Amino acid sequence: MAGNGFQSSYANDKPPSSTGSGEAEMSTDPASSSFFTSDFKRHEDLKTMLDSNKDAQKLEAMKRIVGMVAKGKDASELFPAVVKNVVAKNLEIKKLVYVYLTRYAEEQQDLALLSISTFQRALRDPNQLIRASALRVLSSIRVSVITPIMMLAIKEAVMDMSPYVRKTAAHAIPKLYSLDPETKEQLIEVIERLLGDKTTLVAGSAIQAFEEVCPERIDLIHKNYRKLCNLLVDVEEWGQVVIINMLTRYCRTQFVNPNLDDMGEEEDKPFYEDSEKEDSEEEKEDDMKNKKAPYIMDPDHRLLLRQAKPLLNSRNAAVVMAVGQLYHHCAPKAETGVMSKALIRLLRSQKEIQYVVLSNVATMTSRRKGMFEPYLKSFYIRSSDPLHIKLLKLEILTNLATETNISTILREFQTYVTSPDKDFAAATIQAIGRSASSIAEVTDTCLNGLVHLMSNRDESVVAESVVVIKKLLQMRPSEHKDIIVHMAKMVDKITVPMARASILWLIGEYSERVPKIAPDVLRKMAKTFITEEDIVKLQILNLAAKLCITNPKQCKLLCQYVFNLAKYDQNYDIRDRSRFLRQLILPGENGSVLAKYAKKIFLSTKPAPVLASKFKDRDLYQLGTLSHLLNIKCHGYQELPEWPESAPDSSVRNVEVVMPWVEKPQHSQQKKKKESKSFYSESESSEEEESSNSSDDNDDSSDENSDSDAENSDSDKQSSKKQSSSEDSSSDSDSDSDSSDSSEEDSSDDSDKVIKKPAAKPEVKSKSKKVVETKPKSNADLLLDLDDSNFNISSVIIVGGVASNDTSTGATPAGNMLTPTLASGIIESKSYELLNRITGSGLSINYKFTRTVSVFSPKMVSIELMFTNSGDEPLTNIKLGEKKLQTGMEIQEFSEIGSIAPGMRSTVLIGINFNDTTQPAKFDICTAQQKHSVSISAPVGEIIQPYSLIDSEFTSQQGKLSGMNENSGKITLTKDNQDAKSICMCVHSVANVIQVPGSNENVYRFSGKTVASGTLVLISVTVNDSSAKLTVNCEKMVIGTMLLKDLKNYFESV
Amino acid sequence: MIHSLFVINNTGDVFMEKHWKSVINKSICDYFFEAQGKATNPEDVCPVINTPHHYLINIYRNNLYFVAVVTTEVPPLFVLEFLHRICDTFEDYFNECNESTLKEHYVIVYEILDEMLDNGFPLAVESNVLKELIKPPNFLRTITDTVTGKSTGVSGILPTGQLSNIPWRRTGVKYANNEAYFDIIEEIDAIIDKSGTTVTAETQGYIDCLIKLSGMPDLSLTFVNARLLDDVSFHPCVRFKRWENEKILSFVPPDGHFRLMSYHIGAQNMVAIPVYLRHTINYREGSGGRFDVTVGPKQTMGKTVENVILEVPFPKNVLNVTLTPNQGKYSFDPVSKFMTWDVGKIDTTKLPNIRGNISLQTGSPIPDSNPVINVQFTISQMAVSGIKVNRLDMYGEKYKPFKGVKYITRAGKFQVRT
């Protein structure tokens, strides 16, 4: 069994000996080659194993079933037994059941429905992996009855907290679409939302869904265009490919052709005539034209090209190729050169990749040879290359041939001709012919070489050279009498029909140049006529007819003889031909009218054949696509649109105003109040983005509002949609460019993830949003006011409102919750002095803790430095100098400030990783004039960041952190200090924490995490009339004690 | 995108299939077999085959064909690259990727395939993420699993890597000995013509790493002469901006083996060719021919050339060869007509030589060209391009790692035309 099993089945199919019924199983190995052991019994055994209550047995059974699925054997009759196990607790069993379900659900639709409720339940699981895999399986069950359920699940999943779940939701969209195309409209809405997602994980999959469902809705991209460009570098490689391909198409519809001036010329000019010289001349001309009407590239167009360029260094060939085709199709001609080096590098990869890259390069070289000319030698052929790669390289070498390099190429070709691979040798001869025809200088050399090859021993080589010589001679018939003579002599030796036919045609066509030989050849041919191939026979007839016209004296009888032979040939083509020729050449008494013109008909000069690249017509297709490779239009191929005459309105891509906050320091003070007011009127939830581009955030938050609505109820959804649409349209109207650079994007992304991770379990959302929703209109207005002034980071604090359990998890209804305490609890962050105006000789620096997640690293505390020049000289080149940090501490510098005029301010953001200590970070601030040593130390409350927990989690965590980790103390509260609001105020002023929702009125709980190590910090305040008990739990005892001290001091000072 | 995958062995047995969308019958593979039948050797099968309703995109690796079926337009490189990535993953998991290992670990294979693609689109591809989701087979674990009756092969939580912005590194890595090894491998691709002149020569370099460092180390590697590298491709962990501005490789490495970077030094630069061949191969009508080849070191910078192997594909009408090498062993395969001479080290005092007679089939014409000889060799402690690592610094962690750099030059596609 073992030996047998190893050969024909999987090793793991061996039944376990522990099951007890070992013997029965031995004969019933499901995947064994013995087909005739009763099927019935075999499955019976698996069914018993599946029904057993031991996980080990179930797992074993599932493994064997998956083995059958993997081998492609039918296991569908086990469906009922397997589907029961969908509820299995064991993850591996579950996984395997999922695998089985997706394979067979389509065949067993009714039974498959039994499993649906399990998935629906799993969709609400707190574990994101389980949510995601439930969605994956649910959407993979191709049963049309459940499309509404799938739709619902997808809609919910796109609003999931976890980007991983959102990614699977994006994957589920095309699945649903293929199952039921009717859902398209609804799916487009979902896609639109996903396109707005800011995480790199989702971007690629969202675009893939877009491409599969609604590639024609290019208008959905406008708003996300810049974001996609900026995120591009950080998206995973597979997503990059899809995004770049889509953006190529977008680019073609939205921008004007960067090569407009030279395009026409290039198109008209036959490629084989262009030489380096012409090229350069042409370029000069182009330059001239460009000067006349300067083309200015749209900044968005430039953005795409610039962001894509570093990807040429990707390790993934598909990404490199995608960037390559983007540059080929969308970049100005002068810039396309950057990709050639990268494409050459790909030639070193696996042969399959080589093949695809080479065929794309072949197309590119047929248009623009200059690009690859320096890399000519990289296309030299090795004897070990597979045939299809050899042929492609040959094609490229021929395309690249110019007067300067033709001699080296020909020398290379010479060695190829002797290759033992005859197909390759024949292709080389054709290539020689093509080079000869395109470069006049070498035609003679080539012809001589080819004539030489005609004495080759290999028939196919000879035949190929004859055919090529024929074509070449046809182009320049004036000379080369001796070649024709030589070929005429070879007629006896050559047996390949195509070659013989070519020789005969040549002799007939140029018979006047070999007047003595031609009739003799005809004589020989007449003798062997009946044994010739059809194609040769036709040429013999041709030769006879032509000779009869030019030299009737010698040939008329021969001609008649040949025609007579042909008259009784088996092939009707030949019979027809002879009949038709006879009428023209040897007219009877009543003479045909056409006969007079016979000479003109037969001996007119014929146009020379054009030897062009096979790849010339392939540039109809977008490079890098399957259609291009196969040169047919594949199913689902999206035509690459022609450039528009004039660019459509570019303002559609404007998203919101984002001002780089460093550039306009003078506004900072006056705007702050207004800003904070509007911001806090809608207290941001903890999942809010940090605010380096705060206007962006506005949009976000309103987005999230509508998210939460949709979850709550359908009616809410309506209103929220109205809100967001009004928001959208209004933000459309203000046009300013999104100038956030990619680094900002990146880091905002980081922080996004960081904050979201802890919140993964229950969906926490700000309760206070409810308030906002009641008057969405006014809120939107408020948000809009901010647009031009929101550059200040400092004022956005992540003040979590009272978090509540999401309704979907079915926990406490929101109505019972405490009303938000933070809506009015704005904590003006304290400003500290870093450098005094006097010691700093005019420069004074204040700093404050912004309490946002640092844009530089999630482990850093974000600190805003405000430089004020109170002297009368401008201060220049302000930068961070030497750092004297303790081990483990890090500091993120700010970019150098060019200059601050007297009386002006400038604000920058730095990040310091305090490594969870209150030790000061010492560093130097240098100006062009002076150096100042300064130090920043963070109060313990500032090295904490909010971390939302629910009530029960808080209690359990607090339980774990008892004993040494707990610090508590008593405080007395003044009268006006006992209400919830002021207590929250106090705690928030000291520490950057979030309130934990709870039902107990006298206990206030706050939770947070240290920034660097993520250690949990829990604060609870138990109010007892005028006194209160403060408890701080933290694993790091130092932090615990210090925080308690700070809190106590603050409460007492108020 | 990728609809289905079939794995086919050399004998034409479809021994594994996986469908990510609706099921496609394996009879689709007949189109593939047809194309395979036309090809003279396995490498010649066209990577993309067009059938009436499907497109078959295949790769050939380790004597296995991986055939992906797609139904709609898709960038072919996307699929090819992905198929190779699948094989790489299997190699990573099972140390090798061949029929017997795939069959042995079919459950894991199937789970990996299921995790890597969702609806035919890549989901979790990073090896570090996958290994957390599905544990690689491990002898010890197999035993404990059998004893306890539990299975620990599948993880129930989403690996943190999937969500972080460094998906290639898993968190909580701990080693007793912290080590970082860098192998700088350079391969010379060259074509040498009859007279010994170099037709074309290029260098392809790789930096393969084995990193066993605890925590989240942030490494930066600097070169003495970074200018040499004009065309590079990086593992996603490398910070491209840093390289562009300062020519420093700065990265948070994945755990374990990975390729940090590969570079290509084009044909425009001079490459020192380390070996030369002196050869006389001639055929005489009727009697066969003579074969005489000597290998010698050329520009080796004082290092020994090792593991020299010469491969000579003789023309089909050669019946046999009788040769005598003065060093090493040779073998001749009468079916493929391949002569392999395993030379070993080149001793400069007595150059390796092989000579003898070639016998041709009686009556067949003498071949019109001499065979192209493939040469393999290795030179350790030398990088032919002259690239040199300056220093390796580590930030973010406190311990002192053990660092090692190794240089190797070897022959890539090194051919001598005779």
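Counting restarts for each chain, with residues numbered from 1 along the sequence as it is written. Whichever chain is written first becomes A and whichever ligand is written first becomes 1, with later ones labelled in order. Totals for whole chains, interfaces and linings use all residues, but because this is a predicted model, local features are given only for residues with pLDDT of at least 70 and pairs of side-chain atoms are given and counted only at 80 or more. Hydrogens and water molecules were not included; the side-chain quantities draw on all heavy atoms of the structure.

J.: How do you make sense of the overall build of chain A when you look at a structure like this?
T.: Each helix is a run of DSSP H or I of at least 4 residues and each strand a run of E of at least 2, with the numbering of both proceeding from the N terminus. In terms of helices and strands, chain A carries 43 helices and 17 strands. Exposure classes here rest on a 1.4 Å probe applied to the protein chains alone. A residue is buried below 20% of its type maximum, exposed above 50%, and partly exposed in between. Put simply, chain A has 1054 residues, and 58% of those count as buried. Whether two residues are in contact is decided by their heavy atoms, any of which lying within 4.5 Å being enough. For chain A, the proportion of contacts with a sequence separation of at least 24, taken over those separated by at least 6, is 69%. Here chain A has roughly 43200 Å² of accessible surface; of this, 52% comes from carbon and sulfur atoms. Here the accessible surface of atoms and residues is derived via Shrake-Rupley with a 1.4 Å probe, and residues count as covered only by protein chains that are part of the display.

J.: Honestly, the overall build of chain B in this entry has me stumped. Any pointers?
T.: Secondary structure summary: chain B contains 8 helices and 23 strands in total. Of all intrachain contacts in chain B linking residues separated by at least 6 positions in sequence, the fraction that spans at least 24 positions is 68%. Carbon and sulfur atoms form 51% of the exposed surface of chain B, whose accessible area is close to 17200 Å².

J.: I'm lost on the confidence of the model for chain B in this one. Help?
T.: Close inspection of predicted coordinates is inappropriate for parts of the model with low pLDDT. For every residue, the predictor states its confidence as a pLDDT score lying anywhere from 0 to 100. This prediction gives chain B a mean pLDDT of 86; 94% of its residues lie at or above 70. Reported confidence for the predicted complex is 0.92 by ipTM and 0.68 by pTM.

J.: Could you clarify how one ought to interpret the pairing of strand E10 (residues 921-926) of chain A in this entry?
T.: Along any regular strand the residues' side chains alternate between the sheet's two faces. Residues and elements named next belong to chain A. Within E10, 5 of the 6 residues are buried, which leaves it mostly tucked inside the rest of the structure. In this sheet, E10 lies alongside strand E6 (residues 875-884) in antiparallel orientation, the contact comprising 4 bridges. Counted as the bridge partner of Leu880 is Ile925 from E10. Pairs of strands are assigned from DSSP output, requiring at least two bridges between the strands. Of the strand pairs in this sheet, E10 and strand E11 (residues 931-936) are connected by 6 bridges, and their pairing is antiparallel. In the strand pairing of E11, Asp924 is matched with Ser933.

J.: I tried to follow the environment of Leu91 of chain A on my own but got confused; where do I start?
T.: Of note, Leu91 of chain A is situated in helix H6 (residues 91-104). With 32 residues separating them in the primary sequence, Leu91 of chain A and Leu59 of chain A have C-alpha atoms 9.9 Å apart.

J.: Help me understand the sheet that holds strand E22 (residues 389-395) of chain B in this model?
T.: Pairing between sheet strands relies on hydrogen bonds along the backbone, with the strands arranged either parallel or antiparallel. All names here are of chain B. If you trace the 3 strands from one edge of the open sheet to the other, you get E12-E10-E22, paired in antiparallel fashion. The sheet is open, and its two edges are formed by strand E12 (248-251) and E22, each paired on a single side. The mean angle between the axes of side-by-side strands here comes to 15 degrees, regardless of whether they run parallel or antiparallel. A fitted line through C-alpha atoms represents every axis, and for helices the fit uses only the stretch in contact; the resulting angles, taken between N-to-C directions, go from 0 to 180 degrees.

J.: Which parts of the structure should I look at to understand helix H32 (residues 572-585) of chain A?
T.: Residues separated by three or four positions in an α-helix point in the same direction, a consequence of the helix having 3.6 residues per turn. Residue and element names in this part refer to chain A. Here, expected helix span is obtained from the residue count minus one, scaled by 1.5 Å. Helix length check: H32, at 14 residues, gives a terminal C-alpha distance of 20 Å against a target of 20 Å (1.5 Å per residue), a fit within 8%. Among the residues making up H32, those that are buried are Ile574, Ser578, Leu581, Leu584 and Ile585. One side of H32 holds all its buried residues, which, seen down the axis, span an arc of 130 degrees. Two N or O atoms count as a polar contact when they lie within 3.5 Å, although within protein this holds only if one can serve as hydrogen donor and the other as acceptor, and sequence-adjacent residues are included solely when both atoms are side-chain atoms. Measuring from the side-chain oxygen of the N-cap residue of H32 to the backbone nitrogen of Asp573 gives 2.7 Å; that N-cap residue is Asn571. Of all possible arcs, the one meant is that of the directions from the helix axis to the C-beta atoms.

J.: In this structure, what is going on with a nonpolar patch on the surface? I would like to understand it.
T.: Residue and element names in this part refer to chain A. Residues enter a patch when their relative accessible area is above 30% and they make no salt bridge; the linking distance is 9 Å between like charges and 5 Å between nonpolar side chains (Val, Leu, Ile, Met, Phe, Trp, Tyr). Here, a salt bridge means any side-chain nitrogen of Lys or Arg that lies within 4 Å of a carboxyl oxygen of Asp or Glu. Together, Leu594, Tyr597 and Ile601 line one region of the surface with nonpolar side chains, adding up to about 300 Å² of accessible area. Along the chain, Tyr597 turns up in the loop between H32 and helix H33 (598-603). Judged by relative accessible area, which is 45%, Tyr597 ranks as partly exposed.

J.: When you look at the interface of chain A and chain B in this model, what are you seeing that I'm missing?
T.: Frequently, the measure chosen for interface size is the accessible area that the parts lose on association. Tallying the contact residues gives 104 residues for chain A and 99 residues for chain B. Roughly 8900 Å² of surface becomes buried between chain A and chain B when both sides are summed, with 57% attributable to carbon and sulfur atoms. Our enumeration of links across chain A and chain B arrives at 11 salt bridges. Applying the counting criterion to the chain A and chain B interface returns 35 residue pairs in polar contact (both at pLDDT 80 or more). Take the side of chain A that touches chain B: its biggest share by element is 9 residues, from helix H4 (residues 55-71) of chain A. Here the buried area means the combined drop in accessible surface, using a 1.4 Å probe, for two parts upon being joined, counting both sides.

J.: So what exactly am I meant to see when it comes to the nonpolar core here?
T.: Ranked by size, the top nonpolar core spans 262 residues in total, and within it Tyr100, Leu343 and Phe379 of chain A together with Phe66 and Phe90 of chain B carry the most contacts. Top contributing element to this core by residue count: helix H2 (residues 76-94) of chain B, with 11 residues. If sequence neighbours within four positions are ignored, Leu343 of chain A has contacts with Val320, Met321, Val357, Val361, Met364 and Phe372 of chain A. The next biggest cluster of nonpolar side chains, apart from the first, holds 56 residues, and it includes Phe867, Ala921, Ala938 and Val1023 of chain A. Take the buried Ala, Val, Leu, Ile, Met, Phe, Trp, Tyr and Cys residues and link them wherever side-chain atoms come within 4.5 Å; each set so joined is a nonpolar core.

J.: Help me understand the packing of helix H11 (residues 163-179) of chain A against helix H12 (residues 184-195) of chain A, please; the structure alone is not making it clear to me.
T.: When two helices pack together, their arrangement is captured by the angle between the axes and the distance separating the axes. Residue and element names in this part refer to chain A. Taken N-terminus to C-terminus, the directions of H11 and H12 make an angle of 160 degrees; their axes are 11 Å apart at the nearest point. Judged on the interaxial angle alone, H12 and H11 are roughly antiparallel. Helix-helix and strand crossings are classified by hand; for H11 and H12 the assignment is left-handed. Residues Arg166, Ala170, Ile173, Leu176 and Tyr177 of H11 pack against Lys184, Leu187, Val190, Ile191 and Leu194 of H12. An angle below 35 degrees is read as roughly parallel, one above 145 as roughly antiparallel, one from 65 to 115 as roughly perpendicular, and any other as oblique. If you view the pair so one helix is near and one far, a crossing is left-handed when the near helix is turned anticlockwise from the far one by less than a right angle, and right-handed when it is turned clockwise.

J.: Hey, could you run me through the sheet that holds strand E14 (residues 275-284) of chain B in this one?
T.: Residues and elements named next belong to chain B. Taken together, 4 strands build an open sheet; the order of strands is E14-E15-E20-E17 and the sheet is antiparallel. Edge positions in the sheet fall to E14 and strand E17 (318-325), since each has one partner strand and no second. Between one strand and the next, the sheet's axes are offset by a mean angle of 15 degrees, whatever the strand orientation. Pairing of E17 with strand E20 (residues 353-360), which is carried by 7 bridges, proceeds in the antiparallel orientation. Looking at E20, one finds that Thr324 is bridged to Arg355.

J.: When you look at the pairing of E12 of chain B in this model, what are you seeing that I'm missing?
T.: Residues and elements named next belong to chain B. Neither face of E12 is open: one carries Ile248 and Ser250, the other Leu249 and Phe251, and all of them are buried. One ladder, built from 4 bridges, connects strand E10 (residues 218-223) with E12; its direction is antiparallel. Its bridge partner being in E12, Leu219 is matched across the sheet by Phe251.

J.: What's the story with the environment of Ser1020 of chain A in this structure? I'm lost.
T.: Residue and element names in this part refer to chain A. Along the chain, Ser1020 turns up in strand E16 (residues 1016-1024). In this structure, the C-alpha to C-alpha distance between Ser1020 and Leu1030, residues 10 residues apart in sequence, is 5.9 Å. Dropping the residues within four chain positions of it, Ser1020 is found in contact with Phe954, Gln958, Tyr1004, Arg1005, Lys1029, Leu1030 and Thr1031. Of note is the side chain of Ser1020, whose polar atom sits 3.4 Å from the side chain of Gln958.

J.: Help me understand the packing of aromatic side chains in this model?
T.: Given two aromatic rings, one states the distance between the centres and the angle between the planes to describe the pair. All names here are of chain A. Any Phe, Tyr or Trp ring, taking Trp's six-membered ring, that has another such ring centre within 6.5 Å forms a pair; planes under 30 degrees apart are called stacked, those over 60 apart edge-to-face, and the others tilted. Summed over all chains, the structure comprises 28 aromatic pairs over all chains. With a centroid separation of 4.9 Å and an interplanar angle of 45 degrees, the aromatic rings of Tyr100 and Tyr104 are classed as tilted. Separated by 4 residues within a single helix, Tyr100 and Tyr104 lie in helix H6, roughly one turn from each other. Tyr100 gets classed as buried once you look at its relative accessible area, which sits at 1%.

J.: It is not clear to me how helix H4 (residues 106-116) of chain B should be interpreted in this structure. Could you clarify?
T.: Counted residue by residue, H4 of chain B has 11 buried out of 11 residues, so it is predominantly covered. Inspection of H4 of chain B places Tyr106, Val107, Ile108, Val109, Tyr110, Glu111, Ile112, Leu113, Asp114, Glu115 and Met116 of chain B among the buried residues, and these make up the whole buried set.

J.: Hey, could you run me through the packing of H4 of chain A against H6 of chain A in this one?
T.: Residue and element names in this part refer to chain A. The N-to-C vectors of H4 and H6 enclose an angle of 35 degrees; their axes lie 9 Å apart at closest approach. Here the hand of the crossing between H4 and H6 comes out left-handed. Where H4 approaches H6, its residues Asp55, Lys58, Leu59, Met62, Lys63, Ile65, Val66 and Val69 are matched on the opposing element by Glu92, Ile93, Leu96, Val97, Tyr100, Arg103 and Tyr104. Split by residue class, the contact of H4 with H6 holds 10 nonpolar, no polar and 5 charged. Only Asp, Glu, Lys and Arg are considered charged, only Ala, Val, Leu, Ile, Met, Phe, Trp, Tyr, Cys and Pro nonpolar, and every remaining residue, Gly among them, polar.

J.: How should unusual backbone geometry be read in this particular structure?
T.: Backbone geometry follows two general trends: most residues other than glycine have a negative phi, and most peptide bonds adopt the trans configuration. A positive phi angle, near 70 degrees, is found at Asn95 of chain B, a position not held by glycine. The exposure class assigned to Asn95 of chain B is exposed, which follows from its relative accessible area of 70%.

J.: Explain the state of the cysteines to me, please; I cannot follow it from the model alone.
T.: Note: disulfide means a covalent bond formed between the sulfur atoms of two cysteine side chains. Sulfur atoms of two cysteines make up a disulfide when they are within 2.5 Å. All told, the structure shown has 0 disulfides over all chains when counted by the stated rule. You can see Cys548 of chain A has no disulfide; the closest cysteine sulfur is in Cys559 of chain A, sitting 4.0 Å from it.

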